[in-house]
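Reading the structure
Here's the letter readout for the chains.
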Amino acid sequence: MSNESLSKRDLARIWHPCSQMNEYLFGRLPLIPIKKGEGVWLYDHDGNRYLDAISSWWVNLFGHGEPRIAEAIAKQARELEHCVFAGYTHEQAIRLAENITRIAPKGLDRVFFADNGSSAIEVALKMAFHYFANRGEDRPLIISLANSYHGETLGALAAGDVALYKKIYSPLLIQTLQAKSPALCDESEAIDDMRRLFERQGGKICAAIVEPLVQCAGDMAMYGADYLKALRLLCDEFGVLLIADEIAVGFGRTGTMFACEQADISPDLMALSKGLTGGFLPLSLVLTSDEIYEAFRLDDYGEKTFLHSHSYSGNPIACAAANATLDIFANRDILGENDKKARRIAARLSKIAKRDRVAGVRQKGMIAAFDIAGVQYSRDLTIRLTREAIKRGVLLRPLGKTVYVMPPYAIEANEIDFLFNAIEDILDLL
Ligand SMILES: Cc1ncc(COP(=O)(O)O)c(C=O)c1O
């Protein structure tokens, strides 16, 4: 099968995520059928290869086809593919809950399973609201940051603030409030704004939700750990729960296992997904404290109970992939190896930073970004950047005029150079 025949068959039937289908149908962007993945590379059906500079939407950790995860999945699939997770349990979920609570910020000792990032956010938001309801407090308000992104289901979308994804659905969304983003203004100004909202809304706020350190879908906007420290204190002062959405930044992306570690804080709830399974299978978790868990044990099977479920909650195969992922972290100094790689990325970035067409160079660990400057932004620019990257064997998905890289940790020094040489070539065209 060739690329052409497969993409034709695809376009006859499939509706792709986060895509204006016309761009493929009228050939403005190619739709590339992938046959195989290995390390940082994806191979198409015509034999071309692409360096996956975005870890396939930030899920892949150790490279495509990582054999230890593949084997764990195959073994588990032969033994127990799935079983209902209410009234029944299994070893993979138990091991995962033990493993993850061991490495999570302290106090997060309870694990609730869901099956994708947005669903974990729904769980966290519902838990926060319900926790107060169980204590007799009506706190329907959720506060998030301007420019934040928490997923596409209606609750997650309501908590987010990227107009492109959210605005049209406004009539369907629960009311939330956004405080200034520390990534887009002075951090002390941002915390003052959060304080103002807390003061004005009195006891109506159940939770503040943030993406620690990097607002990934918000053009990779970055901020410092001090803001998180100050936010933790503020939440404590006002009795508001702090939700850390580490779905994109967890598992070492920002240099530490979890971004919250850099601020030395523990959130009340933490959502994890994406890299949790090394990028192999959908799975998500919400970690929380025993105190929150206990507030749901106050009655019999009724309103005070958390009656949230997904059919595939705690899927054994996905849990096996997650356990294999955590075993790799336990057996290798991944963060130490990444530190060296991040330095090489930093060196290449600093070269790029000198260019006229480049502004806002930023990096946290294995996430690096810059903005295209001095050209009028239009969708055409994003398409052009994407196409030029493809021509050079690189899978990039610029966010508007923000170009970023978040590669699999398998990336080698020569592959970092390959990636940045391609980016420099593309910048030469602008
Ligand atoms: C910070 C953050 N939260 C939530 C989500 C939603 O995860 P999912 O796409 O698995 O629903 C994403 C996805 O990009 C994300 O970056």
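Refer to the preceding data block for the structure.
Residues take numbers from 1 onward in each chain, read along the sequence in its written order. pLDDT decides what is reported in this predicted model: residues at 70 or higher carry local features, side-chain atom pairs at 80 or more are listed and counted, and totals for whole chains, interfaces and linings draw on all residues regardless.

**Some details on the pairing of strand 10 (residues 241–245)**
What counts, and what does not: Each residue is classed by its C-beta neighbour count within 10 Å, where at least 20 other C-beta atoms makes it buried, 12 or fewer makes it exposed, and intermediate counts make it partly exposed; the C-beta atoms are placed from backbone geometry. Counting from the N terminus, the helices are DSSP H or I runs at least four residues long and the strands are E runs at least two residues long. Strands qualify as paired when DSSP identifies two bridges or more between them.
The element strand 10 is largely enclosed, with a buried count of 5 among its 5 residues. Judged by which residues are buried, strand 10 turns out to be covered on both faces: Leu-241, Ile-243 and Asp-245 on one side and Leu-242 and Ala-244 on the other are all buried. Relative to strand 10, strand 7 (residues 205–210) runs parallel, the two sharing 4 bridges. For Ile-209, the partnering residue across the bridge sits in strand 10 and is Ile-243. In terms of strand pairing, strand 10 meets strand 11 (residues 269–272) through 3 bridges, oriented parallel. Within the sheet, the bridge partner assigned to Ala-244 lies in strand 11 and is Met-270.

**Some points on the nonpolar core**
Side chains of nonpolar character tend, in soluble globular proteins, to be buried together. Put simply, the rule reads: Think of a nonpolar core as buried Ala, Val, Leu, Ile, Met, Phe, Trp, Tyr and Cys residues chained together by C-beta atoms that fall within 7 Å. The domain boundaries here were taken from an automatic or database domain assignment. Contact between residues is assigned whenever the C-beta positions, reconstructed from backbone atoms, fall within 7 Å.
One finds Ala-124, Ala-128 and Val-286 to be the most contacted residues of the largest nonpolar core, which totals 127 residues. Top contributing element to this core by residue count: helix 6 (residues 117–134), with 10 residues. Mapped onto the domain boundaries, this core takes at least three residues apiece from domain 1 (3–65 + 333–429) and domain 2 (67–331). In contact with Ala-124, not counting residues within four places along its chain, are Ile-243, Leu-269, Ala-271 and Val-286.

**Structural notes on the site of the ligand**
As a reminder of what qualifies: We count a residue as near a molecule or strand when its backbone-placed C-beta atom lies within 6 Å of that partner. Note on residue classes: Ala, Val, Leu, Ile, Met, Phe, Trp, Tyr, Cys and Pro are nonpolar, Asp, Glu, Lys and Arg are charged, and everything else, Gly too, is polar.
Of all residues adjacent to the ligand, which total 14 residues, the nearest are Gly-117, Ser-118, Gly-151, Ile-247 and Ala-248. When grouped by side-chain class, the residues that make up the shell around the ligand number 6 nonpolar, 6 polar and 2 charged.

**Section: the sheet that holds strand 11**
What counts here: Every axis corresponds to a line fitted to the C-alpha atoms, with the helix fit spanning only the stretch in contact, and the corresponding angles, defined between N-to-C directions, vary from 0 to 180 degrees.
Strand order across the open sheet formed by 7 strands is 4-12-11-10-7-5-6, with mixed pairing between neighbours. Edge positions in the open sheet fall to strand 4 (110–114) and strand 6 (176–179), since each of these has one partner strand only. Pairs of neighbouring strands in the sheet enclose a mean axial angle of 20 degrees, with direction left out of account. Here strand 5 (residues 141–145) runs beside strand 7; their pairing, made up of 3 bridges, is parallel. Paired with Ile-142 across the bridge in strand 7 is Ala-207. Against the sheet, helix 9 (residues 187–201) engages strand 5, strand 6 and strand 7, with an angle of about 150 degrees to strand 6. Across the sheet, helix 10 (residues 225–238) is in contact with strand 7 and strand 10; its angle to strand 10 comes to roughly 145 degrees.

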